[in-house]
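As a plain string of letters, each chain reads:
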Amino acid sequence: MAAPCAEDPSLERHFKGHRDAVTCVDFSLNTKHLASGSMDSCLMVWHMKPQSRAYRFAGHKDAVTSVNFSPSGHLLASGSRDKTVRLWVPNVKGESTVFRAHTATVRSVHFCSDGQSLVTASDDKTVKVWSTHRQKFLFSLSQHINWVRCAKFSPDGRLIVSASDDKTVKLWDKTSRECVHSYCEHGGFVTYVDFHPSGTCIAAAGMDNTVKLWDVRTHRLLQHYQLHSAAVNALSFHPSGNYLITASSDSTLKILDLMEGRLLYTLHGHQGPATTVAFSRTGEYFASGGSDEQVMVWKSNFDVVDYGDVTKGQRPPAALASSSRSLPEVDFHVPGRARSQESVQSAPREPASTPQALTSTLEHIVGQLDVLTQTVCILEQRLTLTEDKLKQCLENQQLIMQRVTP
């Protein structure tokens, strides 16, 4: 059972400085700093200490889509619509190194727990892995057939999970670089994905307004929540593994108790879509950002008993009972905003055992589909190269025509 809630989450700090929608937030290891990125092309690094000066980092030529502190806190990675990844030293100088390999918007950046590698996801349909110390591109993972919105390392660094507009979540083995499994239960674009702190399961958010949790060992759907009335844009696990927070275009944040499979709080703070949310490394705080250009820092005020358990290993969430009864909830809101009522949808019943012959036939079909998917990816890559060459030829032709014309 989860620890009883001490008191409701409370709005602690309110940071204003971005000139457009906030797209991403992340805390440093010691929770002294909070980084945020925005459609205004800038990164901000905020000091959690009151009355402290914030740093504004300019370097990207277009919207910043993702930020992530390295485990040590000495580096800050960012991805942008300008197709680049930058590694910043988060100090007054704000110096950065540019990584170039993606051919479209970079949607996501995430450091491995050892700080040696960085994984990125892009609209060029690839997931790429980089060496942070050698500052070089290592390899690509290329089985998605649409934009890749998010990619994360597992806590032990051995697996990578990615979410895509092809409506799939893919699990990859970092060493073999092979796709271990594809989760296809989402009914729309998958916007965000992350590993549970235990590394045994993943949670994904979608444009179909749902949040789903799967076991990465059995690939079984553990929990399915349909709580928001619009797309779920981001999610974050509490370090204890007992809670999950979500941010949605319906303007709310929701805190879920994964041990009991129920909604704990609904937070109304942003005017317009809530675009991003992240717990601090200790779980004492969480930060959110929205299209209202605001960065908000909230004090969790729950799970106080479990703080000491963070280092002892976390429990994965249990599958929800298959009954369809409404589960108890508490709806918390910032004064001045309307309350709303939600329900938790239980996970479907386990299907009856499938005959061995049918299982092997289905596995064969899945294998053939994987081959077809890879073939389509290769054809798409060749088509992109052909289009680029054709564009270059037309540009050269225009230059020749301009020179010929008196």
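Residues numbered from 1 in each chain as written. Predicted model: local features only at pLDDT ≥ 70, side-chain atom pairs only at ≥ 80, totals over all residues. Heavy atoms only, no water.

For the protein chain, an unreviewed UniProt entry supplies the name POC1 centriolar protein homolog A and the organism Myotis myotis. Per UniProt, the protein chain has the following entry under Sequence similarities (unreviewed entry): "Belongs to the WD repeat POC1 family." Of the comments in the UniProt record for the protein chain, the one headed Subunit (unreviewed entry) reads "Interacts with POC1B." (UniProt positions renumbered as here; feature names shortened; annotations may be inferred.)

A. The arrangement of the overall build of the protein chain in detail. Counting its regular elements, the protein chain contains one helix and 28 strands. When the 406 residues of the protein chain are sorted by exposure, 52% land in the buried category. Within the protein chain, counting contacts between residues at least 6 apart in sequence, those at least 24 apart form 50% of the total. As presented, the protein chain carries roughly 19000 Å² of accessible surface, and 53% of it is formed by carbon and sulfur atoms. (Helix = DSSP H or I, 4+ residues; strand = E, 2+ residues; numbered from the N terminus. Buried < 20%, exposed > 50% of the residue type's maximum accessible area, 1.4 Å probe, protein only. Contact = heavy atoms within 4.5 Å. Areas by Shrake-Rupley, 256 points an atom, 1.4 Å probe, with all protein chains shown as cover.)

B. Quick look at the packing of aromatic side chains. Taken as a whole and assessed by the stated rule, the structure comprises eight aromatic pairs. A centroid spacing of 6.2 Å and a plane angle of 20° characterise the contact between Tyr55 and Phe57, whose relative ring orientation is stacked. Residue Tyr55 is classed as buried on the basis of its relative accessible area, which comes to 16%. By relative accessible area, Phe57 is classed as buried at 3%. With a centroid separation of 4.9 Å and 35° between ring planes, the pair formed by Tyr183 and Trp214 is classed as tilted. In this pair, Tyr183 is assigned in strand β17 (residues 178-183) and Trp214 in strand β20 (residues 211-215), connecting sequence segments 31 residues apart. For the pair Tyr183 and Trp214, a shared accessibility class is recorded, and that class is buried. Ring-pair connections join several aromatic residues into one group, and the members of that group are Tyr55, Phe57 and Trp88. In this arrangement the basic side chain of Lys299 is found over the ring face of Tyr285, its NZ or CZ atom lying 5.3 Å from the centre. (Phe/Tyr/Trp six-rings, centres within 6.5 Å; stacked < 30°, edge-to-face > 60°. Lys NZ or Arg CZ within 6 Å of the ring centre and 35° of its normal.)

C. Looking closely at the side chain of Ser300. Mapped onto the fold, Ser300 is located in the loop between β28 (294-299) and α1 (356-404). Note on Ser300: relative accessible area 0%, which makes it buried. A polar side-chain atom of Ser300 sits 2.7 Å from the main-chain carbonyl oxygen of Gly283. (Polar contact = N/O pair within 3.5 Å; in protein donor to acceptor, adjacent residues only side chain to side chain.)

D. A look at the nonpolar core. Val169, Leu213, Leu244, Leu253, Ile255 and Phe286 are the most contacted members of the largest nonpolar core, which totals 48 residues. Broken down by element, this core gets its largest block of residues, five residues, from strand β19 (residues 201-206). Apart from residues no more than four positions distant in its own chain, Ile255 is found in contact with Pro9, Tyr243, Leu244, Ile245, Arg262, Leu263, Leu264, Tyr265, Leu267, Phe286 and Phe302. In this structure, Phe15, Met48, Tyr285 and Val297 belong to the second largest nonpolar core, which totals 13 residues. (Core = buried A, V, L, I, M, F, W, Y, C linked by side-chain atoms within 4.5 Å.)

E. How the structure looks around the confidence of the model for the protein chain. Of the residues in the protein chain, 79% have a pLDDT of 70 or more, and the chain-wide mean is 84. Confidence drops under a pLDDT of 50 for residues 1-5, and excluding neighbours within four residues, the segment shows 13 contacts in the predicted structure. Every residue in residues 304-313 scores below 50 in pLDDT, and together they form 13 contacts with partners more than four places removed in sequence or on other chains. (pLDDT = per-residue confidence, 0-100.)

F. Expanded view of the pairing of strand β3 (residues 33-38). Counting buried residues along β3, five of its six residues qualify, which places the element largely inside the surrounding structure. Sheet topology places strand β2 (residues 22-27) next to β3; five bridges connect them, and they run antiparallel. Paired with Phe27 across the bridge in β3 is Leu34. The antiparallel pairing of β3 with strand β4 (residues 42-47) creates a hairpin that spans three residues between the two strands, and Ser41 there sits at a positive phi of about 75°. (Pairing = 2+ DSSP bridges.)

G. How the structure looks around the pattern of salt bridges. According to the stated counting rule, one finds ten salt bridges in the structure shown. Notably, a salt bridge pairs Glu260 with Arg262, separated by 2.8 Å at the nearest N-O pair. What makes Glu260 partly exposed here is its relative accessible area of 28%. (Salt bridge = Lys/Arg side-chain N within 4 Å of Asp/Glu carboxyl O.)

H. View of the side chain of Thr31. Mapped onto the secondary structure, Thr31 falls in the loop between β2 and β3. What makes Thr31 buried here is its relative accessible area of 12%. Beyond its immediate stretch of four places on either side in the chain, Thr31 contacts Met48, Ser280, Thr282 and Tyr285.

I. Spatial organisation of the UniProt feature "repeat: WD" (unreviewed entry) in the protein chain. If you check UniProt for "repeat: WD" (unreviewed entry), the listed places come out as residues 15-56, 57-88, 99-140, 141-182, 183-224, 225-266 and 267-299 in our numbering. Counted over residues 267-299, helix gives 0% and strand 61%. Its end C-alpha atoms are 12 Å apart.

J. Focus on the sheet that holds β3. With antiparallel pairing, four strands are arranged side by side in an open sheet as β2-β3-β4-β5. In this open sheet, the two strands that pair with only one neighbour each are β2 and β5 (55-58). Neighbour-to-neighbour, the strand axes of the sheet open up by a mean angle of 20°, direction not taken into account. (Axes fitted to C-alpha atoms, helices over the stretch in contact; angles between N-to-C directions.)

K. Highlighting a nonpolar patch on the surface. On the surface, a cluster of nonpolar side chains totalling about 260 Å² of accessible area is made up of Leu358, Leu362 and Ile365. With respect to the helices, strands and loops of the structure, Leu362 is situated in helix α1. (Patch = residues over 30% accessible without salt bridge, like charges linked within 9 Å, V, L, I, M, F, W, Y side chains within 5 Å.)

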